[in-house]
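Understanding the architecture of this molecule
One letter stands for each residue in the lines below.
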Amino acid sequence: MINAQTLTTLKLYSNSIGSQGALSISNALFANKALRSLTLSKNKIGDEGCHAIAGAIGKSVLTSLDLGDNAIGVHGARAIARAVSVSSTLTSLDLRNNEFGDAGVEEIMRGVVRSFILESLCLSGNEIGNAGAAAIAKMLSANQVLATLDLDINNITGAGARLIADVIKTHGALLSLNMSENKIGVDGAQAMALVIEANTVLKSLDVSENNIGADGCMKLAKAATMNMTLTTLDVDGNAARKDDLVTIETAMQQNMEHQDEMRNDLPIEVTAINLGKTNVSDLTLQTTLKSVPTKTVTSLNLGTNKIADSGAKMLAAMIKESPALQSLQLGGNAISAAGAEDLTAAVVVSPWLKKLDLGGNPLGAEGADALARMINAQTLTTLKLYSNSIG
């Protein structure tokens, strides 16, 4: 059934398939080019089964994978890290309630930091302490893509919370952080209050059940009045005073109303976007793409920027998810052969892209070999390859 080329979602949770069942699914994933969402939680696949699934991720088109509650440890974490680092499609990964501990999380972070498309990561219930928090903070300092991070039901204290908070004060992509049921205490609350004061992107923060106490909640409430983007702040189970709860609720309501007003001021539909000569780089591209209405944009100009191969990988994923995109301008960037490979893989299967400008990129002979396959693209009518050092 997994080989069916129309099957896009498969949920097999709570079936005790074990490592052998995982191996069978892995074999099917190598051939399947339709399945986008796979749920395998509560199946006792362990490290061996995890290795099998992870080995197929890079060859699949999966965008969402749930491996929660599977007794996966450090060895499985290492396999997941490799898979995340090479996948050109995976945007959501749920690893809740496994057995990673700090060592396993450190392994996973080595993979996540290399991913330019993973947007959602769940590590709830994995016995993560401050060493794991340090690895997460290090990843976030280099990754400007991740938008949702769940770290609830772990063992992070105030020291670990401070490490994470120091990074996300200025993080440009993270929209939701769940740190409920940890041990961050009043010190962690103070750190998160500074995040609320400084961050202009984060929309949801959950620090419930953290032994913050009334004083910690007061600090968070005061910070909430200085923020215009946060719409959810959960402090339940922390002995907050009634006045502080009212302050938080009022601030969140005002922020929601403010953002509704801003949305009403936006044009209903945007079909052409010009972001040429705006200094967009691989590190900022994912945040930039979040402002692009992928369902309706027909023309996107990203010419004369600083986009390299990692950015090309992100754009390849965007091409697959943009049903209206007909023209993409990438001339004058820093895309080489590796980026050309990723773009080719997306363009040859796109049923809508008609025009692609890759002029003025250091593609070289290897890049030319990859782009030669674009001749087989279904709808491409114009391909610009001037000044590419093709030879």
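For the structure itself, consult the block above.
Below is a short write-up of the structure. (Residues numbered from 1 in each chain as written. Predicted model: local features only at pLDDT ≥ 70, side-chain atom pairs only at ≥ 80, totals over all residues. Heavy atoms only, no water.)

1. Considering the overall build of the protein chain
A tally of helices and strands in the protein chain yields 13 helices and 14 strands. Radius of gyration (C-alpha) of the protein chain: 22 Å, near the 21 Å computed for a compact globule of 391 residues. Referenced to the eigenvectors of the C-alpha coordinate spread, the extents of the protein chain come out at roughly 70 × 55 × 35 Å. Relative to its 391 residues, the protein chain shows a buried fraction of 52%. For the protein chain, long-range pairs separated by at least 24 residues make up 86% of all intrachain contacts whose partners lie at least 6 apart in sequence. Within the structure as shown, the protein chain displays about 16800 Å² of accessible surface, and the carbon and sulfur contribution to it stands at 52%. In the protein chain, 31 positive and 38 negative side-chain charges are present, and the distance between their average locations comes to 7 Å. (Helix = DSSP H or I, 4+ residues; strand = E, 2+ residues; numbered from the N terminus. Rg over C-alpha atoms; globule rule 2.2 N^0.38 Å. Buried < 20%, exposed > 50% of the residue type's maximum accessible area, 1.4 Å probe, protein only. Contact = heavy atoms within 4.5 Å. Areas by Shrake-Rupley, 256 points an atom, 1.4 Å probe, with all protein chains shown as cover. Lys, Arg positive; Asp, Glu negative; His and termini not counted. Charge placed at Lys NZ, Arg CZ, Asp CG, Glu CD.)

2. Observations concerning the sheet that holds strand β12 (residues 327-329)
A sheet is described by the order of its strands in space; here 5 strands give the open sequence β10-β11-β12-β13-β14, paired in parallel fashion. Here the strands that pair on one side only, and so sit at the sheet edges, are β10 (272-274) and β14 (382-384). Averaged over all pairs of adjacent strands, the angle between their axes in this sheet comes to 0°, without regard to strand direction. Both β10 and strand β11 (residues 299-301) contribute to a ladder of 3 bridges, which runs parallel. From the neighbouring strand, Ala272 faces β11, where its bridge partner is Ser299. (Pairing = 2+ DSSP bridges. Axes fitted to C-alpha atoms, helices over the stretch in contact; angles between N-to-C directions.)

3. Details of empty space enclosed by the protein
Considering all chains together, one arrives at 1 cavity of 30 Å³ or more under this definition. Lining the largest cavity, in full, are Val113, Ser115, Phe116, Ala142, Asn143, Gln144, Val145, Asp282 and Leu283. Considered class by class, the residues forming the lining of the largest cavity number 5 nonpolar, 3 polar and 1 charged. (1 Å grid on protein atoms, 1.4 Å probe; cavity = no way out; pocket = protein on both sides within 12 Å on 5 of 7 lines; lining within 4 Å. Points joined across faces, edges and corners; volume = space filled by probe spheres on them. Nonpolar A, V, L, I, M, F, W, Y, C, P; charged D, E, K, R; others polar.)

4. Things to note about the pattern of salt bridges
This model, assessed by the stated rule, comprises 7 salt bridges. With its nearest N and O atoms 3.3 Å apart, the salt bridge here joins Glu107 to Arg110. On the criterion of helical spacing, the pair formed by Glu107 and Arg110 is a turn pair, its members being 3 residues apart in helix α4 (residues 101-112). Exposure remark for Glu107: the relative accessible area of 15% places this residue in the buried category. Arg110 gets classed as partly exposed once you look at its relative accessible area, which sits at 44%. Asp244 is the partner of Arg241 in a salt bridge, and the nearest nitrogen-oxygen pair spans 3.8 Å. (Salt bridge = Lys/Arg side-chain N within 4 Å of Asp/Glu carboxyl O.)

5. Comments concerning the packing of helix α7 (residues 185-198) against helix α8 (residues 213-224)
Packed helices, taken two at a time, are described by the angle their axes make and the gap between the axes. Put simply, α7 and α8 touch, their axes get as near as 8 Å, and they point 0° apart. The angle between α7 and α8 falls in the class roughly parallel. Taken together, the residues of α8 that come into contact with α7 (itself represented by Val186, Ala189, Gln190, Met192, Ala193, Ile196 and Glu197) are Gly216, Lys219, Leu220, Ala223 and Ala224. When its residues are assigned to classes, the contact of α7 with α8 shows 8 nonpolar, 2 polar and 2 charged. (Parallel < 35°, antiparallel > 145°, perpendicular 65-115°, else oblique.)

6. Focus on the packing of helix α11 (residues 309-320) against helix α12 (residues 337-347)
As a packed pair, α11 and α12 sit with axes 8 Å apart at the nearest point and diverge in direction by 5°. Classified by the angle between their axes, α11 and α12 sit roughly parallel to one another. Within the contact between the two elements, α11 uses Asp309, Ala312, Lys313, Leu315, Ala316, Ile319 and Lys320 and α12 uses Ala338, Gly339, Asp342, Leu343, Ala346 and Val347. The class makeup of the residues in the contact of α11 with α12 is 8 nonpolar, 1 polar and 4 charged.

7. Notes on helix α10 (residues 282-290)
Along α10, the residues classified as buried are Asp282, Leu285, Gln286, Thr288 and Leu289. Down the axis of α10, the buried side of the element spans an arc of 165°, and every buried residue falls inside it. The inward-facing, buried residues of α10 contact β11 and α11. (Arc of directions from axis to C-beta.)

8. A word on the environment of Lys295
With respect to the secondary-structure elements, Lys295 resides in the loop between α10 and β11. Between the alpha carbons of Lys295 and Ala334 there is a distance of 27 Å; along the sequence they are 39 residues apart.

9. Quick notes on the sheet that holds strand β7 (residues 176-178)
The strand order across the open sheet formed by 9 strands is β1-β2-β3-β4-β5-β6-β7-β8-β9, and the pairing between neighbours is parallel. At either margin of the open sheet sits one strand with a lone partner, and together these are β1 (9-11) and β9 (232-234). Each strand axis lies, on average, 0° off the axis of its neighbour in the sheet, ignoring direction. Looking at chain direction, strand β4 (residues 92-94) and strand β5 (residues 120-122) are connected through 3 bridges and run parallel. Each bridged residue has a counterpart across the sheet, and for Leu93 the counterpart in β5 is Leu121.

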